[in-house]
Amino acid sequence: MSAQFPPEIDDEIVSYLWDENDSLKACSLACRAFLPACQKHLLSKIVLFPPTDKKKRGNSARFQQLLENSPHISKYILYLEVIDCLKTKEQEWLSKDTTLAYSLPLLHCLKALVIRYRTIDHGGNWKRIARGGFMGSLLDLMRLPCLTYLNFEGFPVAMVNYCPPSLKHLALHDTMHLDFAFTTSPTDSAKTIYLDSLKIQLVDLRAVTISGRRERDEMRMLLSRCADSLEELAFDPAIFDICLPGAAFSDPIDWSVLTNLRTFYIRIEMACDTAEGMLYNPFPWFINMITQLSSSPIEAFVVQVNYLFGGLDTVDLSSWADVMGVFSNQKRFLRLRKLQILVHSFKPSDNKVIIQGIETHATGLMATRKAIDCGVSLVDGAYDDFYIFPPDPTWMQKSLRDL
């Protein structure tokens, strides 16, 4: 009779292979005692990709079959990511899928949910999603007391009204406003949400400024609900929303309510329409925003500025004097220790001029506020995902695999 280790010892041994999928599979076959521990790591992160075969049978169907055949594995699934489209030419499948409506209610131990929905025809497809079983199952899943991380891309802003009380980390990308009724009642919109981190990226609203205002109204309500606990915020606003004339004085968001904020990331863009001779300047809005934030206990402030124009004789950097003037004030940003400025230019030949101009103002800031470390650097991508805050870093490090 062979000796058996306690399950805790088996878990500890297998844990050293947490990201070695082939080794985990080999261990699960070599020793029956290792099977539960291997399954725990193999199935902790599930990613469902778009259908690839001719019958359009994606791995969401295989996921449903796996749960049907082995219902005990649902307790091992902690992270689920659903990707609608990897390429722009791919047809969306989420609104036509029928398997997730069955699978989602079985994930009673889920901690993180990521859904990336990318399609141009948001409105029509979202009406089908709202009427289908997927949305009902999704809203029920969002009530799980163990769910702490939500990351939605291409979803209506109204989804924030269904956030569970347990939620600590929320990311919204390419949000939109749609008028349709959900089948489930939302949570109390006045109830406090105890978020630790929040990331919001608004869509490009060139021709829909009214919708943009409604999105920011909903964002204002979200910020007010989580203001007491929010420590990390990443904000990527729509350029044609904050650059409109008077945007600095018509912003519905009261940034001064963020009294617990420690880390702030923001991306703004300056663009020029040479055909119309119009300059889209976000700095009046940005200066008004940081002035409101100046009483918050922010320790790290990161701003990325995209200069999306070329063909101009000179680059206007005069607004940086006003920006640094806010940070130089000894009575503002009392806990600030790091100010990082990231620059991307559409015209590479402007890089040197832009960097040197901003560094001149940064030098003056550090001479006035010696406790602040201010750095200026170039970034290659204008729209790279510049900030991710997964509560468990292994969710991002763990390799992806097909079911």
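As the structure is a prediction and not an experimental result, all values here were calculated from the model. Per chain, the residues get numbers from 1 upward, laid out in the order the sequence is written. Whole-chain, interface and lining totals are the exception, using all residues; otherwise, since this is a predicted model, local features are given only for residues with pLDDT of at least 70 and side-chain atom pairs are given and counted only at 80 or more. Derived side-chain values reflect all non-hydrogen atoms in the structure, with water molecules and hydrogen atoms excluded from consideration.

Asks: Kindly report on the overall build of the chain, identifying the contributing residues and their values.
Replies: Scanning the chain from terminus to terminus reveals 14 helices and 12 strands. When each of the 403 residues of the chain is scored for burial, the buried share is 52%. In the chain, the proportion of contacts linking residues at least 24 apart, taken out of those at least 6 apart, comes to 74%. Accessible areas in this description were obtained via Shrake-Rupley with a 1.4 Å probe; residue shielding takes into account the shown protein chains only. Carbon and sulfur atoms make up 54% of the accessible area of the chain, which amounts to about 19400 Å² in all. Counting from the N terminus, the helices are DSSP H or I runs at least four residues long and the strands are E runs at least two residues long. Buried means the residue's accessible area, taken with a 1.4 Å probe over protein chains only, is under 20% of the maximum for its type, while exposed means over 50%, and partly exposed covers the values in between. In this description, contact between two residues means that some pair of their heavy atoms is separated by no more than 4.5 Å.

Asks: Can you explain a nonpolar patch on the surface? Please cite residues and give values.
Replies: Patch definition: residues with relative accessible area over 30% and no salt bridge; like charges joined within 9 Å; nonpolar side chains (Val, Leu, Ile, Met, Phe, Trp, Tyr) joined within 5 Å. Only one rule defines a salt bridge in this text: a Lys or Arg side-chain nitrogen within 4 Å of an Asp or Glu carboxyl oxygen. Where nonpolar side chains cluster on the molecular surface, the patch consists of Phe5, Ile9 and Ile13 and spans about 280 Å² of accessible area. Counting through the fold element by element, Ile9 comes out in helix H1 (residues 7-15). By relative accessible area, Ile9 is classed as partly exposed at 37%.

Asks: Please set out the nonpolar core residue by residue, giving values where relevant.
Replies: As a rule of thumb, soluble globular proteins bury nonpolar side chains together. What is meant by a nonpolar core is a set of buried Ala, Val, Leu, Ile, Met, Phe, Trp, Tyr and Cys residues, joined one to another through side-chain atoms within 4.5 Å. Ranked by size, the top nonpolar core spans 100 residues in total, and within it Leu138, Trp255, Phe264, Phe286, Phe301 and Tyr307 carry the most contacts. In terms of residue count, helix H11 (residues 283-293) provides more of this core than any other element does, 7 residues in total. Ignoring any residue separated from it by four or fewer positions in sequence, one finds Leu138 in contact with Leu104, Leu113, Ile115, Phe152, Phe155 and Met159.

Asks: Quick rundown of helix H12 (residues 319-328)? Include the residues and the values.
Replies: Counting buried positions along H12 yields 7 of 10 residues, so the element is predominantly enclosed. Among the residues of H12, Ser319, Trp320, Val323, Met324, Val326, Phe327 and Ser328 are the ones counted as buried.

Asks: Outline the environment of Ile253, listing residues and values.
Replies: Looking at the element boundaries, Ile253 is found in the loop between helix H10 (247-250) and strand S8 (263-273). Owing to a relative accessible area of 3%, Ile253 belongs among the buried residues under this scheme. Linking Ile253 and Met221, residues 32 residues apart in sequence, is a C-alpha distance of 8.4 Å.

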